[in-house]
Amino acid sequence: MRMNKTLQLLLALVWISTGITTNTAYSDETTLGQVPETGVMSGSVSGPNKFTAAKVYAKNLDKNMLYMVYTNKGQYRMPNLMVGAYEIWSEHEKLRSEHRWVRIEKSKKIIFDFTLKTGPADPLTFNPRNTKADNAVSYDELYPAGAGRDIAERTCMTCHGQMHLPSYKFDKAAWNAMIGLMLDPNARRGAMIQEGSGVGNITDKEKDILSDYLADNFGPDSQDRVLFSEAEYPLDEAELSKGLFIEYMLPLAPSTDLSLRSRAEAGKHRILEPHIDNDGNIWGTNSFIGVSKLDPRTAEYSHYPFDIDRVNGTPYIQAHGMTIDSSDDIFWIEFYGKHVGRLNPSTGKMDRFPMDPEGKVYNIQGHTPDLDSKENVWFTVITGNKMGVWDRETEKVSLYEIPTPNSFPYGIDVDQQDNVYFAELFGCKVGVINSNTKQFKEYPALASPCSMNRVMVDKEGIVWYSLNRSGLLGRLDPETGSQKEYPVLPFREDRTIPLSTPYGIMADHKNKVWFGDQGLGGALIKFDPDTEKFSYYPLPRKTDNPNIDITNKGAIIYTSRSSRQAAIGIFYPDVTQMTSYGVYR
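Here we summarise the structure given alongside this text. (Residues numbered from 1 in each chain as written. Predicted model: local features only at pLDDT ≥ 70, side-chain atom pairs only at ≥ 80, totals over all residues. Heavy atoms only, no water.)

## Focus: helix α7 (residues 204-217)
Worth spelling out the cut-off: A run of H or I in DSSP counts as a helix once it spans at least four residues, and a run of E counts as a strand once it spans at least two, with each numbered from the N terminus. Take the residue count of a helix, subtract one, and multiply by 1.5 Å to get its expected span. Think of it in three bands: with a 1.4 Å probe and only protein chains considered, a residue is buried below 20% of the maximum accessible area for its type, exposed above 50%, and partly exposed in between. Contacts are assigned to residue pairs with any non-hydrogen atoms lying within 4.5 Å of each other.
Relative to the 20 Å expected for 14 residues at 1.5 Å per residue, α7 spans 20 Å between its end C-alpha atoms, a close match to the ideal helical length. Here α7 has its buried residues at Leu-210, Ser-211, Tyr-213, Leu-214, Ala-215 and Asn-217. Residues of α7 that are buried sit in contact with α4 (147-154), α5 (156-160) and α6 (172-183).

Pasting the structure below:
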């Protein structure tokens, strides 16, 4: 039945009064995106005070997708929206707009203006690191200066960061037991604090000072506190507003508290390392569940569960890193499970190969893989101090001892000459093993102590590495041995405390270096080697970016591991380059 003209006019007035308009002169000025049969939303954001780079969110309720763009001078444009029902809103620091609900149709334009007011944080997007909550304190308030803090910074915080210790409330005896665990060579991962590691050792006197300090500040009766960031990313809103974030969210676990950091639990989605296959899909390891595939064109996930292994697992199998070969077979490395795994996605067949065939390595735990030119799978053995390789012809694993004891090898990248570079988390070195001669060489970081998480070789053969707890991005030229380490802003005003914690790292097709950062709650950061300048792109939600991948259009693939609601995200720094939802190398 067709509407009469009076009813049509009344409906039009309702749409306009709620801030939504279509087919107006203003909407004609807003072009549709490059992706066919999608819609666009644009408009303005206003507030009680002047602001820079407000966030505008649109959550597709049909497909469980979260879009986000930044404003520029109070204006925004969000293109390429899939058809569906949406919840929309805007945020800037403590300011929030009302949440509204609209429907986006294909090839349609919608105008919506938001007004920001003081209001409660949204649990989905709440970030305690840059929101001054009642229990948020400065670094000096959380960690009073003194000998105890000096030891904690050198040992505990070098690995665990600045937010880990406040999550415990122990008396001195319990803190002593925790420190003892870090010193115990028979612990699951061996001794974390000892000579030969990046954090060094501590004396009995220092252990006593440390346990006193921790009990005094994080004892059973201590108040719940969070660390408030005393710095901000330097933002270029004109550059930020060119981009588009899209997060494909997974179902929540029962009784999930969205305000807490995500931890690995059986049956809970917790996506780690993302990788692009040859068909435009994104894969990732998914904690105790298995490996998961996202088709970004349909927003559909497919999961390939591991089941359990009562002999080698916990009994659960947990993969950390993964890689994809030229046939789109998926290879994963088990953190719990002691195997290298392979999945044929076409058939669903899984094979597992013993990581330590002779059983010589105590409590072996694998970490991250990469492929050489023959598609042999090299991987780091974080607990066991080894580099491993799965041989494609024999389907057997060989292990090689790293020269630095207790180095805890972490990230890995293979260069064009099949040199296998790896980051020594506690060794505080860039290591490399020649895949042919099996000879090692190591390059100590300039900053020490440190925790070195990831390493990457760009197309010019330069090695880049992230010093996670030092707030530094490192550059190494293996040909000359020259090194330089760049401080990643922000630091605290007095420059003594790094608030940036760089993590997963990769170069784009223009050889610009991208990496994830978790220091202020999650950002993607670009470093231009030519100008030695950083650009900052804070993420839609709190996360830590354990690794990233990059498409041929320059889009950054990331995951929201530390967010309570897991997701695979895609960031288009220049959304005009987005011509489809498929992602390709």
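## What to know about the pairing of strand β31 (residues 452-457)
How we decide: Any two strands between which DSSP finds at least two bridges are classified as paired.
Judged by how many residues are buried, β31 sits mostly within the fold: six of six residues are covered. Sheet analysis places β31 next to strand β32 (residues 463-467), joined by four bridges and oriented antiparallel. Pairing of Met-452 across the sheet is with Leu-467, part of β32. Counted along the chain from β31 to the antiparallel partner β32, the turn is five residues long, and its residue Gly-461 has a positive phi close to 85 degrees.

## Regarding the packing of α6 against α7
Note the following rule: Axes, fitted as lines to C-alpha atoms, cover a helix only where it is in contact. Angles between the N-to-C directions of the axes lie from 0 to 180 degrees. Roughly parallel means an angle under 35 degrees; roughly antiparallel, over 145; roughly perpendicular, 65 to 115; everything else is oblique. Here a crossing is taken to be left-handed if its near helix is turned anticlockwise relative to the far helix by less than a right angle, and right-handed if that turn runs clockwise. By the convention adopted, Pro, Cys, Tyr, Trp, Phe, Met, Ile, Leu, Val and Ala count as nonpolar, Lys, Arg, Asp and Glu as charged, and the other residues, Gly among them, as polar.
Orientation of α6 relative to α7, taken along the N-to-C sense of each, is 130 degrees, at an axis distance of 9 Å. Judged by the inter-axis angle, α6 sits oblique to α7. Remark: the crossing between α6 and α7 carries right-handed chirality. Residues Lys-172, Trp-175, Asn-176, Ile-179, Gly-180 and Leu-183 of α6 touch α7, and the partners they reach there are Lys-207, Asp-208, Leu-210, Ser-211, Asp-212, Leu-214 and Ala-215. Looking at side-chain class alone, the contact of α6 with α7 contains six nonpolar, three polar and four charged residues.

## Points about the sheet that holds β32
In any sheet, the strands associate via hydrogen bonds between backbone groups, in a parallel or an antiparallel arrangement. The four strands lie next to each other as β31-β32-β33-β34, forming an open sheet whose pairing is antiparallel. Both outer strands of the open sheet, β31 and β34 (483-487), are each paired with one neighbouring strand and no more. This sheet shows a mean twist of 20 degrees between the axes of neighbouring strands, independent of strand direction. Bridge analysis of β32 against strand β33 (residues 472-476) gives five bridges, and the strand direction is antiparallel. Bridge pairing in β33 links Trp-464 to Arg-475.

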